[in-house]
Amino acid sequence: MTGKIPTPELTLERAYKTCRAIAKREAKNFYYAFIALTADRRDAICAIYAFMREADDIADDESRSIAERRRHLETWFEGWDATVASGESSNPVFLAVLHATHRFHIPLTLLDELIAGVAMDLREDKGEGPDTYATFTQLYRYCYLVASVVGLVCIRIFGYRDLRAERLAEETGIAFQLTNILRDVEEDASRNRVYLPLKDLAAYNVNLEALLRRAPGTPPTPEERRLLEAMARRAERYFSSARQLQPLIDSESRPALWVLVSIYQALLNRIEYANYDVFTTRASVPLYRKLAILAVGIVWMFWARIFG
């Protein structure tokens, strides 16, 4: 790993405090898992989340053109590179992330890949057409960059020794991102994006323009339900990797991973219980359900700390 670590403790604490505030305000599902981590790991995860959030907010700023957003993202990333080189920055998120990468031996190349994934939503070569992926293989690459890479960062913070954890973390990220894609079909279509592979649309006789131009609140057609069900089945297969990952990370971090996986699995289940109607109501996990999952995770966390 290269780059200098910022040293003033007061500056560093303020940087982490900023990241904790961003995570608490924005993370929703993720933040419940963060609570079940030790303080040092929680700070690192919050820093990584804040880094992701800043990049995503730039990419999703619809008050700017695609070209403007791309330039803004490039400038932002140049600021990150300068922080790596000097150990100094006016951006507290950069300071916290740099410290976390050193503390938990996180390769900086993973953060490069994460930004590459965000930039995929700002492609200049798509013209005026919608943002689409022809095949699941292409979609997998996108999911890897925006979600699997996060999983690979997280397991460095969680701690692991068995190298099998890396492949399982990659596939866990795919499960999470496919669940996000299912939940956000209508919202993404409003942004001229369809992440469901075109090959799958053709296989289930679903028209791309119908997804992009549907009237608000229109329930899915039978063909659309079958398409979404097929994507859900694919996500379920990747969730099996999340369950296999659990015993391979440090015992103190297992409750946090369990909380995160349980909430995302519950979200996928909500989509399934709604018979894949992701158009009339946005799927979400009720607060009481999240709190119940978190309660189990916290009890497990204290048990792990006391008894190992």
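Scroll up to find the structure this text is about.
Residues numbered from 1 in each chain as written. Predicted model: local features only at pLDDT ≥ 70, side-chain atom pairs only at ≥ 80, totals over all residues. Heavy atoms only, no water.

Participant: Mind showing me how you'd approach the nonpolar core here?
Facilitator: Judged by nonpolar contacts, the single largest core of 114 residues is most densely connected at Phe51, Trp80, Leu139, Leu178 and Leu196. If one sorts the elements of this core by residue count, helix α7 (residues 136-158) sits on top with 17 residues. Contact partners of Trp80, with chain neighbours within four places excluded, come to Phe51, Phe94, Val97, Leu98, Leu108 and Leu111. (Core = buried A, V, L, I, M, F, W, Y, C linked by side-chain atoms within 4.5 Å. Buried < 20%, exposed > 50% of the residue type's maximum accessible area, 1.4 Å probe, protein only. Helix = DSSP H or I, 4+ residues; strand = E, 2+ residues; numbered from the N terminus. Contact = heavy atoms within 4.5 Å.)

Participant: Is there a simple way to think about the packing of α7 against helix α8 (residues 164-183) in this case?
Facilitator: For any two helices packed against each other, the geometry is given by the interaxial angle and the distance between the axes. α8 packs onto α7 with a crossing angle of 120° between their chain directions and a minimal axis gap of 7 Å. Comparing the axis directions of α7 and α8 gives the class oblique. Handedness of the α7/α8 crossing: right-handed. (Axes fitted to C-alpha atoms, helices over the stretch in contact; angles between N-to-C directions. Parallel < 35°, antiparallel > 145°, perpendicular 65-115°, else oblique. Left-handed = near helix turned anticlockwise from the far one by under 90°.)

Participant: Mind showing me how you'd approach helix α12 (residues 222-245) here?
Facilitator: For the α-helix, the turn length of 3.6 residues means that residues three or four positions removed from each other point alike. For α12, built from 24 residues, the straight-helix expectation of 34 Å at 1.5 Å per residue is met to within 8% by its first-to-last C-alpha distance of 35 Å. Burial in α12 covers these residues: Glu224, Leu227, Leu228, Met231, Ala232, Arg234, Ala235, Tyr238, Phe239, Ser241, Ala242 and Leu245. Structurally, α12 contributes buried residues whose contacts are with α7, α8, α9 (185-190), α10 (198-203), α11 (208-213) and α13 (254-273). (Expected span 1.5 Å × (residues − 1).)

Participant: Please explain the packing of helix α6 (residues 108-119) against α7 as it appears in this structure.
Facilitator: At their nearest, the axes of α6 and α7 sit 8 Å apart, and the two run at 150° to each other. As judged from the angle between their axes, α6 and α7 are roughly antiparallel. Crossing of α6 over α7 shows left-handed handedness. Every residue of α7 that contacts α6 at Leu110, Glu113, Leu114, Ala116, Gly117 and Val118 is listed here: Arg141, Tyr142, Tyr144, Leu145, Val146, Val149, Val150, Leu152, Val153 and Arg156. Tallied by class, residues from the contact of α6 with α7 come to twelve nonpolar, one polar and three charged. (Nonpolar A, V, L, I, M, F, W, Y, C, P; charged D, E, K, R; others polar.)

Participant: Where do I start with the packing of aromatic side chains in this structure?
Facilitator: In this description, an aromatic ring pair is defined by two values, namely the gap between the centres and the angle between the planes. All told, the structure shown has 19 aromatic pairs when counted by the stated rule. Centre to centre, the rings of Tyr133 and Tyr142 are 5.5 Å apart; their planes meet at 40°, and the pair counts as tilted. A residue is classified by how much of its surface remains accessible, and Tyr133, at 2% relative accessible area, is buried. Centre to centre, the rings of Tyr133 and Tyr195 are 6.0 Å apart; their planes meet at 20°, and the pair counts as stacked. Linking Tyr133 in the loop between β1 (131-132) and α7 with Tyr195 in the loop between β2 (193-194) and α10, this pair joins segments that are 62 residues apart in sequence. Cation over ring: Arg214 sits above Phe279, and NZ or CZ is 3.8 Å from the ring centre. Just above the ring of Phe136 sits the side chain of Arg234; from NZ or CZ to the centre is 4.0 Å. (Phe/Tyr/Trp six-rings, centres within 6.5 Å; stacked < 30°, edge-to-face > 60°. Lys NZ or Arg CZ within 6 Å of the ring centre and 35° of its normal.)

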